[in-house]
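So you can see what is in the structure, the chains are spelled out below.
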Amino acid sequence: MMNLSAVAAMTLLGLSLGLLLGYAARFFKVETNPIVEEIELLLPGTQCGQCGYPGCAAAAVAIANGDAPVTACPPGGRDLAKELAAKLNLVIDLSGVVEKAPTLARVNEQLCIGCARCPKVCPTDAIIGASKQLHAVIRDACTGCGQCVAICPTESLQLYPIETTLRTWQWPKPLIAH
Amino acid sequence: MKLFRFHGGVHPNDHKRLTASKPISLLPIPQRLYLPLQQHIGAPAEPVVNIGETVLKGQLLAHSQGHISAPVHAPTSGTILDIGPLTAPHPSGLPIRTVTLESDGTDQWTPALEEAIRDPLILDPEEISNRVGTAGIVGMGGATFPSAVKLKLSLKRKIHTLIINGGECEPYLTCDDRLMQERPAQIADGIRIILHAVQAERAIIAIENNKPAAIVAMKATCAHLADTQVIVVPAQYPMGSEKHLIQTLLGQEVPAGGLGADIGVLVHNVGTAYAVHRTIRYHIPLISRIVTVSGDAIRNPQNVEVPIGTPLSDVIQHCGGFKTTPARLLMGGPMMGNMINNLNIPVVKGTSGIVALTSQALTQQLPKPCIRCGRCVDSCPCGLVPLEMAAHIRKDNLEKAAELGLVDCVACGCCSYSCPAHIPLVQYFNYAKGALFNRQQTKHRSEETRKLIEQRKSRLAKEEEAKKLAALKRKAEKDAQKKSLKSQADEEVTS
């Protein structure tokens, strides 16, 4: 009886605190710069950190303040830089932006030791595998951010360029100058 | 019947005399057949046979996957040698999963799975669509869209007119022409079956006026049919385009980005009608097709009935080989066909022709600057402004090109054909369509990624919450236990 009432009290406490926090988040919401939010929506959102900021939200603030260039996001590439420039009404020179070929992470089965570290850092939950089990990357969910590559102790995870298949091939641009 | 006109179009030399008067010859079964698992628009087929297995003619090799797909059948009896990637009959030259079948020379049929149908017109319309689907029939004009999907959609959307496309406006190609000349009764029967399958009121067989023999044959066959009419349309490229054929016959435009079904019309190629006849009447899946082998580099140009999967080299050899070394090889016609650089690729369901041209037949010149003469505008059958679109695409301003109506371009090539400056206009449009599609895919992907990240965040938050709750619970239990122990001890003390 004592046990049950204690559990009930704690559950009640948890629920009421949760509700309170939820409402507080609504009522005391800090108004942020709307452009920051808009920029954050444009960014890939993988929190890969390749821009040098601790995540996409921080990068969005930096871009909005003008601390970071619109070309700061390597995974976004040329298209994202263009979109950001249009949003911020900037004229940019895109000739310096090198389009990084899209990559995907792949597990080398011979090297994987099943340490279960990579599933924990994957921002899109694209890696499956329990400890002492072979891990695998779900192609459709992988964004090629490379966080798993950094944490893999055996270099089993590597990024590979996405190969063109018949389903993804498109006509190239005519090269002839005129 | 009053005919209408569509704007633009071109009148290239049709070169059809090379093959139009020669009968269709039959290609002997080649030693090896190569059957790509994707010969259609949609998802690739999945093999149901294993390496080393013996199969009979007409047996299912790979079944369709998903809504838009088509199965692949064995064109002859033999042994499966391999299932793996081989060069695809595609301009990219990339590999595609292919079943290699070695013929045993007996060409033995698989026993029919279903009973012969005496009268297909008493069958349920949907049953006909299903049988067309399991026979692997796709649009034989070259678009290779699975026919069953089109039939089912048409039945649902209520079609009033079925148009049978005998336009064949591509230069050099005469496979539909010969089919209409030699097998008009079979085509007419196929049309009756399709009419029943989509419950349409009437059928119109449209034939360009440069095929007099086909017109005579089809008219004689359809004379006694009240609901089927043969209409002669002017020879004007791209008459065989679905939208332009509808416009010419009915005077109605298919809405931009829409289908013929939107205005109650279904268009099928004569080759498709013939394939439907063979399937419904005789249970013959789509395992062969008629291919025009033509061009001034071929010694003996003619139409050949070829088992699907035959290497192009075998077909060319059957036609006497090359007279001279060809400067260009095409799969399909010269207007919309694709350049190929290798004869070790197979004939597939959508191969309407193999054209080998010498350098005399080619008029390739280097592009010069656009002088804005507007000939491309005059010739565009879709009412677009190719020169403007190409200028934007050249500067990678794809959005502008899309605003100007890039999606309505049917890639017929009239603009490139008529451009006096030899600017590769349609090539620009093909590139831009692909690039825009890729961009859309990327956008879709990043949206999906965002969703995944959100899901992960909420999962982590939930886990955290659960952990906290569990810790609290454990603590509470421990406290309770302690208390009860203490009270017990107290009781013991007091007692």
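Please read all numbers here as calculations on a predicted model, not as lab measurements. (Residues numbered from 1 in each chain as written. Chains lettered and ligands numbered in written order. Predicted model: local features only at pLDDT ≥ 70, side-chain atom pairs only at ≥ 80, totals over all residues. Heavy atoms only, no water.)

## Here we look at the overall build of chain A
Threshold: Labels follow the DSSP assignment, with helices taken as runs of H or I lasting at least four residues and strands as runs of E lasting at least two, numbered in each case from the N terminus. Radius of gyration here uses only the C-alpha atoms, and the compact-globule reference equals 2.2 Å multiplied by the residue count raised to the power 0.38. The Shrake-Rupley method, run with a 1.4 Å probe sphere, supplies the accessible areas, and residue values consider only the shown protein chains as cover. Charge counting treats Lys and Arg as positive and Asp and Glu as negative, with His and both chain ends excluded. Charge positions come from single atoms, namely NZ of Lys, CZ of Arg, CG of Asp or CD of Glu.
Scanning chain A from terminus to terminus reveals 6 helices and 4 strands. For chain A, the succession of helices and strands along the chain, N to C, is α-α-α-α-β-α-β-β-α-β. In summary, chain A has a C-alpha radius of gyration of 22 Å against a globular reference of 16 Å for 178 residues, an excess of more than 25%. By element, 62% of the accessible surface of chain A is carried by carbon and sulfur atoms, the whole surface being about 11,300 Å². Distance between charge centres in chain A, computed from 13 positive and 14 negative side chains, equals 6 Å.

## Description of the packing of aromatic side chains
Given two aromatic rings, their pairing is described by the distance between the two centres and the angle made by the two planes. All names here are of chain A. Put simply, the test is: What counts as a ring pair is set by centres within 6.5 Å for rings of Phe, Tyr and Trp (its six-membered ring), and what kind of pair is set by the plane angle: stacked under 30 degrees, edge-to-face over 60, tilted for all other angles. Note on exposure labels: buried denotes an accessible area under 20% of the residue type's maximum, exposed denotes more than 50%, and partly exposed covers the range between, all computed with a 1.4 Å probe on protein chains only.
Under the criterion given, the structure shown has 2 aromatic pairs over all chains. Between tyrosine 23 and phenylalanine 27, the ring centres sit 6.3 Å apart and the planes meet at 20°, which makes this aromatic pair stacked. Of the two residues, tyrosine 23 and phenylalanine 27 are both situated in helix α1 (residues 2-27); the distance of 4 residues between them amounts to about one turn of the helix. When sorted by exposure, tyrosine 23 lands in the same class as phenylalanine 27, which is exposed.

## Thoughts on the domain arrangement of chain A
Spelled out, the test is: An automatic or database domain assignment provides the domain bounds reported here.
Domains assigned within chain A are domain 1 (1-30), domain 2 (34-87) and domain 3 (103-161). With centres defined by C-alpha atoms, the gap from domain 1 of chain A to domain 2 of chain A works out at 37 Å.

## Digging into helix α5 (residues 212-222) of chain B
Residue and element names in this part refer to chain B. Rule in force here: When we speak of the arc, we mean the arc of directions from the helix axis to the C-beta atoms.
Considered for burial, the residues of α5 that qualify are Ala214, Ile215, Ala217, Met218, Thr221 and Cys222. Projected down its long axis, α5 carries its buried residues within an arc of 170°, all on one side. Across from the buried face of α5, at angles greater than 90 degrees, the exposed residues are Pro212, Val216 and Ala220.

## Remarks on the sheet that holds strand β8 (residues 95-103) of chain B
Residue and element names in this part refer to chain B. Rule in force here: What makes two strands pair is DSSP finding at least two bridges between them.
Strand order in the open sheet formed by 4 strands is β2-β8-β7-β4, with antiparallel pairing between adjacent strands. Of all strands in the sheet, those bounded by a partner on one side alone are β2 (32-36) and β4 (54-55). Inspection of the sheet shows β2 paired to β8 by 5 bridges, in the antiparallel sense. Bridge assignment links arginine 32 to a residue of β8, and that residue is glutamate 102.

## Observations regarding the domain arrangement of chain B
One widely used convention gives an interface's size as the accessible area the parts lose upon coming together. Residues and elements named next belong to chain B. Note the threshold: We call two residues in contact when some of their heavy atoms are within 4.5 Å. Accessible-area loss on putting two parts together, using a 1.4 Å probe and summing over both, is the definition of buried area adopted here. We count a salt bridge whenever a side-chain nitrogen from Lys or Arg sits within 4 Å of a carboxyl oxygen from Asp or Glu. The classification used treats Ala, Val, Leu, Ile, Met, Phe, Trp, Tyr, Cys and Pro as nonpolar, Asp, Glu, Lys and Arg as charged, and all other residues, Gly among them, as polar.
Here chain B is described as being made up of domain 1 (16-103 + 124-293) and domain 2 (367-485). Centre-to-centre separation of domain 1 and domain 2, based on C-alpha positions: 33 Å. Across the contact, 5 residues belong to domain 1 and 6 residues belong to domain 2. For the domain 1 face of the interface with domain 2, the top three residues by lost area are Tyr237, Pro238 and His244, together amounting to 68%. Summed over the shared surface of domain 1 and domain 2, the result is 0 salt bridges. Split into classes, the residues belonging to the side of domain 1 that touches domain 2 amount to 3 nonpolar, 2 polar and no charged.

## Here we look at the interface of chain A and chain B
In plain terms, the rule: Under the rule applied, a polar contact is a pair of N or O atoms within 3.5 Å (in protein, one hydrogen donor and one hydrogen acceptor; residues adjacent in sequence only if both atoms are side-chain atoms).
Contact residues are listed per partner, giving 42 residues for chain A and 43 residues for chain B. Both sides together, the interface formed by chain A and chain B hides about 3,400 Å², and carbon and sulfur atoms give 61% of it. Residue arginine 456 of chain B is joined to aspartate 125 of chain A by a salt bridge in which the shortest nitrogen-to-oxygen separation is 3.2 Å. Viewed at the interface, chain B and chain A are joined by 10 residue pairs in polar contact (both at pLDDT 80 or more). Contributions of two or more residues to the side of chain A that touches chain B are made by α1, α2 (34-42), α4 (77-88) and α5 (118-121) of chain A. Of the residues assigned to the side of chain A that touches chain B, the class counts are 22 nonpolar, 11 polar and 9 charged.

## A word on helix α3 (residues 56-65) of chain A
Residue and element names in this part refer to chain A. Taken together, the buried positions of α3 are occupied by Cys56, Ala59, Ala60, Ala62 and Ile63. All buried residues of α3 lie within an arc of 165° about the axis, which places them on one face of the element. The inward-facing, buried residues of α3 contact α2 and α4.

## Examining the packing of helix α2 (residues 147-157) of chain B against helix α4 (residues 184-198) of chain B
Residue and element names in this part refer to chain B. Put simply, the rule is: To obtain each axis, a line is fitted to C-alpha atoms, and for helices this fit is confined to the stretch in contact; angles are then taken between N-to-C directions over 0 to 180 degrees. For this classification, under 35 degrees means roughly parallel, over 145 means roughly antiparallel, 65 to 115 means roughly perpendicular, and everything else is oblique.
One way to put it is that α2 packs onto α4 with a least axis distance of 8 Å and a crossing angle of 50°. Taken as axis vectors, α2 and α4 run oblique relative to one another. Side by side, α2 and α4 meet where Leu151, Ser154 and Leu155 of the first sit next to Ile194, Ala197 and Val198 of the second. Residue composition of the contact of α2 with α4, by class: 5 nonpolar, 1 polar and no charged.

## Thoughts on the nonpolar core
Residues and elements named next belong to chain B. Put simply, the test is: The nonpolar core is taken to be a set of buried Ala, Val, Leu, Ile, Met, Phe, Trp, Tyr and Cys residues, with the residues joined through side-chain atoms within 4.5 Å.
Core analysis: the largest hydrophobic core is formed by 46 residues, its most contacted members being Val132, Leu162, Ile187, Ile191, Ile205 and Met218. Among the secondary structure elements, those contributing two or more residues to this core are α1 (125-134), α2, β9 (161-166), α3 (175-182), α4, β10 (202-208), α5 and α7 (270-282). No other element matches α4, which puts 8 residues into this core. Counting residues in each nonpolar core, the second largest holds 23 residues, with Ile393, Ala401, Ala411 and Leu425 among its members.

## Observations regarding unusual backbone geometry
It is generally the case that most residues other than glycine have a negative phi and that most peptide bonds are trans. Residue and element names in this part refer to chain B. A cis amide bond, omega 0°, links tyrosine 237 with the succeeding residue proline 238. Counting through the fold element by element, proline 238 comes out in the loop between β11 (228-233) and α6 (242-250). Phi at histidine 283 is positive, roughly 60°, even though this residue is not glycine. In this fold, histidine 283 is placed in the loop between α7 and β13 (288-294). Positive phi values are uncommon outside glycine, yet arginine 372 reaches one of about 55°. Among the structural elements, arginine 372 can be located in the loop between β17 (353-357) and α9 (375-379).

## A look at the pattern of salt bridges
The full count for this structure, using the stated rule, is 18 salt bridges over all chains. Across the salt bridge formed by glutamate 38 of chain A and lysine 87 of chain A, the nearest N and O atoms sit 3.2 Å from each other. Remark: lysine 87 of chain A occurs in helix α4 and glutamate 38 of chain A occurs in helix α2; sequence separation between them is 49 residues. Since its relative accessible area comes to 35%, glutamate 38 of chain A is described here as partly exposed. Note on lysine 87 of chain A: relative accessible area 36%, which makes it partly exposed. The salt bridge involving glutamate 127 of chain B is made with arginine 131 of chain B; its shortest N-O contact spans 2.8 Å. Taken together, the residues glutamate 127 of chain B and arginine 131 of chain B, both in helix α1 and 4 residues apart, mark about one turn of the helix. Look at arginine 131 of chain B and you get buried, because its relative accessible area is 13%.

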